[in-house]
Amino acid sequence: MEQGKYSVGLDIGTTKIVAIIGKENEYGKIEVLGIGKSKSLGVHRGVVNNITQTIKSIQQAVEEAEINSGLKIGSVVVGIAGQHIRSLHHSDYITRPDSEEVINEDDLDKLCNQVYKLVMLPGEEIIHVLPQEYKVDGQAEIKEPIGMYGGRLEANFHVVVGQVSSIKNVGRCIKSAGLDLGNITLEPLASSDAVLSQEEKEAGVALIDIGGGTTDLAIFKDGIIRHTAVIPFGGGVITEDIKEGCSIIEKQAELLKIKFGSAWPGENKDNEIVSIPGLRGREPKEITLKNLSKIIHARVVEIIEQVYVEIKNYGHEEQKKKLIAGIVLTGGGSQLKHLKQLVEYITGMDTRIGYPNEHLAGDSDEVVASPLYATAVGLLMNAVRSGAKGQVEEEEQESFEQEAVFAGHEEDTRGNTKVRQERKSVFDKWSEKLKDFLDNAE
């Protein structure tokens, strides 16, 4: 098969690391060719805190994905999260030398580049600069200014900021695992690509991705990202609470949470009891499911309330900022029983669980369509979209001659072939700078 046809997403999470290989089929859907998963040992709350362990886990996940797909992984698109991520709003403008010429890509790049020069706190770096609306000569609410005339081009930006050291550590792990870094994407953005429809983004929606170490939030309205936040609590804290509250080991606490856990204590009767084997010949422990639910409920309420504070900060109560599509829950933590009802009860907003199957080809493995893999699927979509080609070479070369290559072409709805012109985003340029930095740092 042709080597430029595949892309790889790598989700470095707190509880698991997932490598997912896929390609776009003729219907524009993502076909998953192989998936590898390993236990994440060197990551705490979304931040790498043990480089050696993380490299091992990445290599395990990548090897498994390679074996499953029969492909060799070269370059990956990676997600970044963690409590060091914050976002801010910023407005900027440029004055064009000749207002008689139409606004083009270069003008937008120049404006974006100007935002990258913002002075951040020491040790922080801008990860994403996401333009919201543009203004041309005072005319507001322009979504696409290219082709218009004007002297002053102005825009509101959503700027995502993270710690330089954390980003470099991720880059270092990827390089040391023998991979190339194709791109870095904010994880809430990746998850939102995988589970939200365009209609929801237009209507206004809050995506809550409950992972093991962090809970990520992304708010969309009018098809534009409006707010992002990373809250340093996730499913891991719930497990920790069960472990402490019931005096059992972590493995048992995790199993209890998955099998019998519920976010709604009223659901369980007082006489429902689970018996847990004791350690090394000790007596088994008996735990009532009502108590278990109470422990889980207390922590889940805390997480949801923190997320709700962020939604309020965005200002969802204003008429213009109303989130008509409500809340979408995804990530491993969203599989907790009765969580949807609890979120609706606390926030008063419509809620659904988000599955990343909308963009997947029909014959994809059912496992991948679980909320657990939302971020990994989103990163794979990002890799396919950004055309990070040449990422995988197939081990068997026999079928090389059989496929004709139409690189950079795609068919539009009328069946005409058009050349896809992917413009280099400011963010891609930033990724290149980061790669150069890592190469020189060795």
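As shown above, the structure is provided for reference.
What counts, and where the lines are drawn
- Residues numbered from 1 in each chain as written.
- Predicted model: local features only at pLDDT ≥ 70, side-chain atom pairs only at ≥ 80, totals over all residues.
- Heavy atoms only, no water.
- Axes fitted to C-alpha atoms, helices over the stretch in contact; angles between N-to-C directions.
- Helix = DSSP H or I, 4+ residues; strand = E, 2+ residues; numbered from the N terminus.
- Parallel < 35°, antiparallel > 145°, perpendicular 65-115°, else oblique.
- Contact = heavy atoms within 4.5 Å.
- Nonpolar A, V, L, I, M, F, W, Y, C, P; charged D, E, K, R; others polar.
- Buried < 20%, exposed > 50% of the residue type's maximum accessible area, 1.4 Å probe, protein only.
- Pairing = 2+ DSSP bridges.
- Core = buried A, V, L, I, M, F, W, Y, C linked by side-chain atoms within 4.5 Å.
- Expected span 1.5 Å × (residues − 1).

*Asks:* Any chance you could explain the packing of helix 4 (residues 187-195) against helix 10 (residues 374-385) here in plain terms?
*Replies:* Any two packed helices are characterised by the angle at which their axes cross and by the distance between the axes. Look at helix 4 against helix 10: their axes get within 7 Å of each other, and the N-to-C directions meet at 90°. The pairing of helix 4 with helix 10 is recorded here as roughly perpendicular in orientation. Counting all contacts with helix 4, which are made through Glu-187, Ala-190, Ser-191, Asp-193, Ala-194 and Val-195, the residues of helix 10 involved are Ala-374, Thr-375, Val-377, Gly-378, Leu-379, Met-381 and Arg-385. Each residue belonging to the contact of helix 4 with helix 10 can be placed in one class, and the counts come to seven nonpolar, three polar and three charged.

*Asks:* Honestly, the pairing of strand 14 (residues 215-221) in this entry has me stumped. Any pointers?
*Replies:* Walk down a regular strand and you will see the side chains alternate between the two sheet faces. Among the seven residues that make up strand 14, seven are buried, leaving the element largely enclosed by the rest of the structure. Side chains of strand 14 alternate between two faces, with Thr-215, Leu-217, Ile-219 and Lys-221 and Asp-216, Ala-218 and Phe-220 buried alike. Relative to strand 14, strand 13 (residues 205-210) is paired through six bridges, and the arrangement is antiparallel. When the bridges of strand 14 are listed, Ala-206 appears paired with Ile-219. The hairpin formed by strand 13 and strand 14 contains four residues between the paired strands. In the sheet, strand 14 pairs with strand 15 (residues 224-231) via seven bridges, with the strands oriented antiparallel. Residue pairing across strands places Thr-215 opposite Ile-231, the latter belonging to strand 15.

*Asks:* Could you clarify how one ought to interpret the nonpolar core in this entry?
*Replies:* Where a protein is soluble and globular, its nonpolar side chains tend to be buried together. Judged by nonpolar contacts, the single largest core of 57 residues is most densely connected at Leu-10, Ile-12, Ile-58 and Ile-174. Each residue touching Ile-174, except ones within four places of it in the same chain, is listed here: Leu-10, Ile-12, Ile-58, Val-76, Val-78, Leu-179, Asp-180 and Leu-181. Listed in part, the 39 residues of the second largest apolar core include Ala-229, Ala-253, Leu-292 and Ile-353.

*Asks:* Explain helix 3 (residues 164-176) here, please?
*Replies:* One full turn of an α-helix is made of 3.6 residues, so residues set three or four places apart face in the same direction. With 13 residues, helix 3 extends 18 Å between its outermost C-alpha atoms, agreeing within 8% with the 18 Å of an ideal straight helix rising 1.5 Å per residue. Taken together, the buried positions of helix 3 are Val-164, Ser-166, Ile-167, Val-170, Gly-171, Cys-173 and Ile-174. Gly-178 lies just past helix 3 and shows a positive phi near 80°.

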